[in-house]
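# Commentary on secondary and tertiary structure
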Amino acid sequence: MTLARASISMFLVALIVIIPAKLRSQSSIQDADKIQALQKQLDDMKAQMQKMQAQILELSSGANRATSVVTTTPSAAPTTTVTATAQDEGASQAATLNVVPKRKVSPATASYQTDSQDQIAAPRIDNAPLDPRYPGFFRLPGTQTLLRIGGYFKTDFIYDLKPPGNVDSFIPSTFPIPSPSTVNNTTISVRPTRLNLDFLIPVKSTSVRFFIETDMFGTNATTPRLRHAYAQVKNGLLGLTFSNFMDPDSGPDTLDFQGPNSQVSIRNPQFRYTIPIGEGTSLGLSVEKASSDVSFTTPQFNALPNSPTPDAAIKFRQEYTSGHYQLSALFRDVAAYLPNGKQGSVFGWGINLTGAQKLFGTDTFVYQAAYGAGMERYVNDTSGLGIDAQPADPTSPHLEAVPITAIYGGYQHYWAKKLRSSAVYGFAQTENTNLESASSYHQSNYGAANIIWNPLGSLNVGTEILYGWLVEQNRASADDTRFIFSAKYNFIKNAETKK
């Protein structure tokens, strides 16, 4: 590449200095033959320059190196018009963004596929892409800004053997108790459909990323909901995205929109800064929006939760060729006004170990083991139940953070290049206080098995069976079995949708 740029520079010098001088000299003596010879030499040189530029572009596209160099066409371009192909244009965009070397996403993380595609939305060190070719990006006319329009259209056909608490997502904690065993339920949902806009602005020392994503899980079936809206400059992030306490790269591959009951899964407005430590190693620090999920009732009083301080999370992550692991910690101040009129406050905390590991070929095992007290808001099945903390002593009212254990494991297997399956199991359990309601959440189990096929293009179809079981503090229980048939079409077909 260095030789090619040096050659181009020599040709430019020849064009700008030597040839015009010779032309003026020959013009002065009206030597038509020499003018014609020089013109031929100039045309040959232009053709050679065009050929070398094409070779540079081809090398930039094929090598996929972070040290790619952007080349521009000189003003003395050949008069013949050359039509650029889409591949050439894509290579040019990649070269623009790869001027500044980036830490690469590990091959295992980049190749792991899930139906939810949360890996695409997740922030990365140095805004590094999953695919360094930047497929799907195009330049907005008249600007240096690059844009990728992504997302997918998804339809779920759902059949429940018993009444579910939530018809669109499989959430065991919402199962009604008692549950009629002779009543079933069907629904068709397009609410998982997503649309996202990914803006990248190349600057001298980095690229600035703005990411926005919506789905249809608003207040009703036709209302959009904002999932992500954040800006990242270098390794500083501000906005709404996945909590620093969770790991979007270790989520199981389920057709069910919600995912495992025990998964730490939440998106928070936050400020985050990530510190690269070494190759594949990083430390992330965040300050996030607090929301004390506390709800209890006495004959004279209903709980009034408040949030004195923001939540804080710290994350250590190690990526390597065949996978990654992540250890994160959460610190909270959970508070609410008590029946005696005073504010009660309790320290909430959590530890979360997650990861993904390639085992045999493309098969992947994903896992999570989380434990803490007062972190129920961050767990799928317990978020919104109001049990981050509960009153613990009727004679001396005070809040006590409720302990919770949340684990899951998932295994993804490829039967063929375009045919995959996953099996998932999740378990969540809280340690209830003595003053909690007898009908309070105590434990739930979650199981899922599916098969997903990519028959053509970016169309994916699949079927899944789910089983959930809920147990309350008084040991009353309910369960449900759900069948899902799903069809999803990605708006963009590129390397990240193929295996």
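Residues numbered from 1 in each chain as written. Predicted model: local features only at pLDDT ≥ 70, side-chain atom pairs only at ≥ 80, totals over all residues. Heavy atoms only, no water.

## Thoughts on the overall build of the protein chain
The helix and strand tally for the protein chain stands at five helices and 23 strands. Within the protein chain, the fraction of its 499 residues that count as buried is 49%. At a minimum sequence separation of 6, the contacts of the protein chain that also span at least 24 residues come to 66%. Here the protein chain has roughly 23,000 Å² of accessible surface; of this, 61% comes from carbon and sulfur atoms. (Helix = DSSP H or I, 4+ residues; strand = E, 2+ residues; numbered from the N terminus. Buried < 20%, exposed > 50% of the residue type's maximum accessible area, 1.4 Å probe, protein only. Contact = heavy atoms within 4.5 Å. Areas by Shrake-Rupley, 256 points an atom, 1.4 Å probe, with all protein chains shown as cover.)

## Regarding the nonpolar core
Judged by nonpolar contacts, the single largest core of 18 residues is most densely connected at Phe245, Val264, Leu330, Met375, Tyr378 and Val379. Among the secondary structure elements, those contributing two or more residues to this core are strand E7 (236–242) and strand E19 (403–416). Those residues in contact with Met375 that sit more than four places away from it in its chain are Phe245, Leu330, Arg332, Trp349, Gly350, Ala370, Asp388 and Ile404. (Core = buried A, V, L, I, M, F, W, Y, C linked by side-chain atoms within 4.5 Å.)

## Focus on a nonpolar patch on the surface
On the surface, a cluster of nonpolar side chains totalling about 850 Å² of accessible area is made up of Leu238, Phe271, Tyr273, Ile275, Ile277, Leu285, Ile314, Phe331 and Phe347. When residues of the nonpolar patch are assigned to their parent elements, the largest contribution, four residues, is made by strand E8 (residues 267–278). Tracing the backbone shows Tyr273 in strand E8. (Patch = residues over 30% accessible without salt bridge, like charges linked within 9 Å, V, L, I, M, F, W, Y side chains within 5 Å. Salt bridge = Lys/Arg side-chain N within 4 Å of Asp/Glu carboxyl O.)

## Quick look at unusual backbone geometry
Here the amide bond leading from Ile177 into Pro178 is cis, since omega sits at 0°, within 30 degrees of zero. Tracing the backbone shows Pro178 in the loop between strand E2 (146–160) and strand E3 (185–189). Despite not being glycine, Asp126 has its phi angle at roughly 55°, a positive value. One can find Asp126 in the loop between helix H5 (118–121) and strand E1 (138–139).

## Remarks on the pattern of salt bridges
Taken as a whole and assessed by the stated rule, the structure comprises 20 salt bridges. Salt-bridge contacts for Lys488 lead to Asp115; the nearest nitrogen and oxygen are separated by 3.5 Å. Separated by 373 residues along the polypeptide, Lys488 in strand E23 (residues 477–490) and Asp115 in the loop between helix H4 (107–111) and H5 bring together distant segments of the chain. Residues Lys488 and Asp115 agree in their burial class; the two are buried.

## Here's the deal with the pairing of strand E4 (residues 194–202)
Across the two faces of E4 the burial differs, with Arg194, Asn196, Asp198, Leu200 and Pro202 buried and Leu195, Leu197, Phe199 and Ile201 not buried at all. Across seven bridges, the pairing between E2 and E4 is antiparallel. Bridging across to E4, Leu147 finds its partner in Phe199. Judged from the eight bridges that link them, E4 and strand E5 (residues 207–215) form a sheet pairing that is antiparallel. When the sheet's bridge partners are listed, Leu200 is paired in E5 with Arg209. Between E4 and E5, which pair antiparallel one after the other, the connecting turn spans four residues. (Pairing = 2+ DSSP bridges.)

## Let's talk about the side chain of Thr155
Mapped onto the elements, Thr155 comes out in strand E2. If near-sequence neighbours (up to four positions away) are discounted, Thr155 is found in contact with Ile188, Ser189, Val190, Phe485, Ser486 and Ala487.

## With respect to the packing of aromatic side chains
This structure, assessed with the given rule, holds 11 aromatic pairs. A centroid spacing of 6.1 Å and a plane angle of 45° characterise the contact between Phe157 and Phe485, whose relative ring orientation is tilted. Taken together, the residues Phe157 in strand E2 and Phe485 in strand E23 connect sequence positions 328 residues apart. Between Phe170 and Phe175 the ring centres are 5.5 Å apart and the planes differ by 65°, which places this aromatic pair in the edge-to-face class. Its end group placed over the ring of Tyr378, Arg377 keeps NZ or CZ at 5.6 Å from the ring centre. Its end group placed over the ring of Tyr152, Lys488 keeps NZ or CZ at 4.7 Å from the ring centre. (Phe/Tyr/Trp six-rings, centres within 6.5 Å; stacked < 30°, edge-to-face > 60°. Lys NZ or Arg CZ within 6 Å of the ring centre and 35° of its normal.)

## Focus: the side chain of Asp293
Inspection of the secondary structure puts Asp293 in the loop between strand E9 (281–288) and strand E10 (297–298). Salt bridges are absent for the buried Asp293, whose nearest opposite-charge side chain, Arg377, sits at 6.3 Å. (Lys, Arg positive; Asp, Glu negative; His and termini not counted.)

## Quick word on the pairing of E5
Sheet topology places E5 next to strand E6 (residues 225–233); eight bridges connect them, and they run antiparallel. Pairing of Thr214 across the sheet is with Leu226, part of E6.

## Some details on the environment of Ser421
Assignment of secondary structure puts Ser421 in strand E20 (residues 419–430). With relative accessibility at 11%, the residue Ser421 sits in the buried group. Through-space distance from the C-alpha of Ser421 to that of Gly462 is 9.2 Å; in sequence the pair is 41 residues apart. Here Ser421 is in contact with Tyr411, Gln412, His413, Trp415, Asn450 and Ile451, once residues within four sequence places are set aside.

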